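So the chains spell out like this:
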Amino acid sequence: MIENKKLGFFLVIVLCIGLIAGSILTLAYIRHVNRGDAVVVADLSTVVAGANVPEMTIQPPSAQAQVSLNSTNATAVELYPTDNVQAVVDQYAAGTTFVFTPGVYRMQRIQPRDGDTFTGQSGAILNGALQLTQLTQEDGYWVAVGQTQEGVVQGECMEGYERCSYPEDVFVDNVPLQHVASRAQLTTGTWFFDYANDKIYLTDHYEGRLVETSVTDAAFFGEANGVTISHLTIEKYANPAQHGAINGRTSTAWLVDNVTLRLNHGVGIHLGNQMRLINSNISGNGQMGIGANRISDALVENNEIAANNYAGFRINWEAGATKFARTDGLIVRGNYVHDNAGTGLWTDIDNRNTLYENNLVVNNAGSGIFHEISYDAIIRNNIVMFNGLSKADYMMYGAQILISTSSNAEVYGNQVVVSPEGGKGIGIMQQDRGGGDAPWQGYNNNVHNNTIIYMGSAGVSGVMTDWEEANFWALGDNRFDANTYYLTNPASNRWRWAGQEHTWETLRALGQETNGTLNATLPNDAGAIPVWNALATTQN
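Residues numbered from 1 in each chain as written. Predicted model: local features only at pLDDT ≥ 70, side-chain atom pairs only at ≥ 80, totals over all residues. Heavy atoms only, no water.

1. Topic: the overall build of the protein
Spelled out, the test is: Counting from the N terminus, the helices are DSSP H or I runs at least four residues long and the strands are E runs at least two residues long. Exposed residues in this analysis have more than 50% of their type's maximum accessible area, buried residues have under 20%, and partly exposed residues fall in between, with area computed by a 1.4 Å probe over protein chains only. Only the protein chains shown count as cover for residues, and the accessible areas themselves come from Shrake-Rupley with a 1.4 Å probe.
A count of helical and extended segments in the protein gives five helices and 48 strands. Expressed as a percentage of the 540 residues in the protein, the buried residues total 58%. On the protein, roughly 19200 Å² of surface is accessible, and the fraction owed to carbon and sulfur atoms is 48%.

2. Considering the sheet that holds strand S14 (residues 199-202)
Note the threshold: Note on pairing: DSSP must find at least two bridges between two strands before they are called paired.
If you trace the five strands from one edge of the open sheet to the other, you get S8-S9-S14-S13-S12, paired in mixed fashion. Single-partner strands in this sheet number two, and they are strand S8 (136-138) and strand S12 (178-179).

3. Here's the deal with a negative patch on the surface
Definition in use: A patch is a set of surface residues, each over 30% in relative accessible area and not in a salt bridge, joined within 9 Å for like charges and within 5 Å for the nonpolar side chains Val, Leu, Ile, Met, Phe, Trp and Tyr. Think of a salt bridge as a Lys or Arg side-chain nitrogen and an Asp or Glu carboxyl oxygen that are within 4 Å of each other. For this count, His and the chain ends are skipped, Lys and Arg are scored as positive, and Asp and Glu as negative. One atom stands in for each charge, and that atom is NZ of Lys, CZ of Arg, CG of Asp or CD of Glu.
Residues Asp432, Asp466, Glu468 and Glu469 make up a contiguous surface patch of negative charge. With respect to the helices, strands and loops of the structure, Glu469 is situated in helix H4 (residues 469-475).

4. Let's talk about the pairing of strand S15 (residues 211-214)
Every second residue of S15 is oriented toward a common face, with Val211 and Thr213 on one face and Glu212 and Ser214 on the other, all of them buried. Taken together, the three bridges between strand S7 (residues 129-131) and S15 define a ladder with antiparallel strand orientation. If you follow Ala129 over to S15, its bridge partner there is Ser214. Note: strand S10 (residues 170-172) against S15, three bridges, orientation antiparallel.

5. Remarks on the nonpolar core
The line we're drawing: Nine residue types can take part in a nonpolar core, namely buried Ala, Val, Leu, Ile, Met, Phe, Trp, Tyr and Cys, and a core is a set of them joined through side-chain atoms within 4.5 Å. The contact criterion used is simple: two residues touch if any of their non-hydrogen atoms lie within 4.5 Å.
Counting 70 residues, the largest nonpolar core has Phe100, Leu126, Phe220, Ile234, Ile246 and Leu271 as the members making the most contacts within it. Beyond its immediate sequence surroundings of up to four residues, Leu271 is in contact with Gly248, Arg249, Leu277, Ile290, Gly291, Ala292, Ile295, Ala298, Val300 and Phe324. Membership of the second largest hydrophobic core comes to 17 residues, among which are Trp142, Tyr195, Tyr206 and Val211.

6. Details of the packing of aromatic side chains
Aromatic ring pairs are described here by two measures, namely the spacing of the ring centres and the angle between the planes. Applied cut-off: For Phe, Tyr and Trp, where Trp contributes only its six-membered ring, two rings pair if their centres lie within 6.5 Å, and the inter-plane angle classes them as stacked under 30 degrees, edge-to-face over 60, or tilted in between.
The full count for this structure, using the stated rule, is 22 aromatic pairs. With a centroid separation of 6.1 Å and 85 degrees between ring planes, the pair formed by Tyr92 and Phe98 is classed as edge-to-face. Considering the side-chain rings of Tyr485 and Trp504, the 5.5 Å spacing of their centres and the 65 degrees angle between planes classify their relative orientation as edge-to-face. Highlighted residues: Tyr485 in strand S45 (residues 484-486) and Trp504 in helix H5 (residues 504-509), separated in sequence by 19 residues. Taken as a pair, Tyr485 and Trp504 share a single burial class, namely buried.

Right, here's the structure in full:
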């Protein structure tokens, strides 16, 4: 796969600044609903740089306030920013409800028990970072000493972002600085971690500003069943790539509802079996918004997933909004996925029985919806626009909807809009990718009753292969029919089939699009991005 490695990446940094400077709703050029509490609350538990992470004080159980939750007189344990949350949790039975009162809870790492509920009052923030308040000068740099945190290093980086794979970050007024690989590379807006000598180097003093460095690798983790996490902001955790600040990969039946996940180095949230992630905002994370591996029956619904991959991970490796691997029964519904420096919605490796529906997927650097080396999927009723500008130079990469070396996908009812600057429409392709649970082949895919709009001269739709071509064209049984196309030059070669470029007439001569229509006049609102309206009722 070939990529323009930096296209779209700087937009993510700009959006990250906008996301954190106020609420996401304040971005004038994005029309959407803020689905999480993005209020930045004054720090209530300052930690001085140069010291190891301190033990947090424990609120005595006898002093814990009991608050009524509902008419059944169920009670909850109130938590405060000075608490060691795990120590408090350990003092209560499984199935307890814990309420975070307003404030910043620094460097908390929480392992729930079965049936626990964690909910936040307005302004409750779990923050995985240490505040740096004492900087000294050394050789013209500002230095924080005694920094012993050093997490797992993994991941592949874009050129110029060679330390994306290190999970530690530095933030100034809630904006991440770029981590460089040596003191010699330091410039304004960058930082360097000398791990051997436990020192963080900055070019500026940032006097009077909030300077933080991430330390803790997860906010929530573990194997518990039936946990609920709601109405919290979770930010600035030093989670490695492919790991979530909510790290539910070994969990079952968690509900994550109305949570804001931002500025976490790896993945905002890693799903577990039967997890429901709903009504949340997963934006401005270092690698990716949502990840999953080897899970079944997960639901991702009514979320905004935006501006992820500020750390500069390679798109082809794993970066952007989402990546789901080896799932069964995954439902991704009603989400707003936009402006990520990578792929939008991505199922890769042995996914089965996937449903993508009613999503709005816009302005992502990679493909909008990408179903790769996987199996049965339904992709329906999505609006997919202006994606793929960084990956539109080989085969069908950069398509708004792409079925890659996958079989038995049904693609219908979608509206697809291709930018005049690049990208592709709807594509199917096959390459030599080996095999998984069954052979990976681009066979038996049906693309029908979609609307495909080309805003300019860029973009094609159709089917391509660079492997086993004779068998593929004889046995592949891929079909395009009853789709509606809009393009200003209807005589152009905008279709790919059987190894050749095709006009509308030559494509139909091959038996494709016998019930399709071609229009030479674009709709008046063809380029307008609709306002995202989350589903009125969550189907959980």
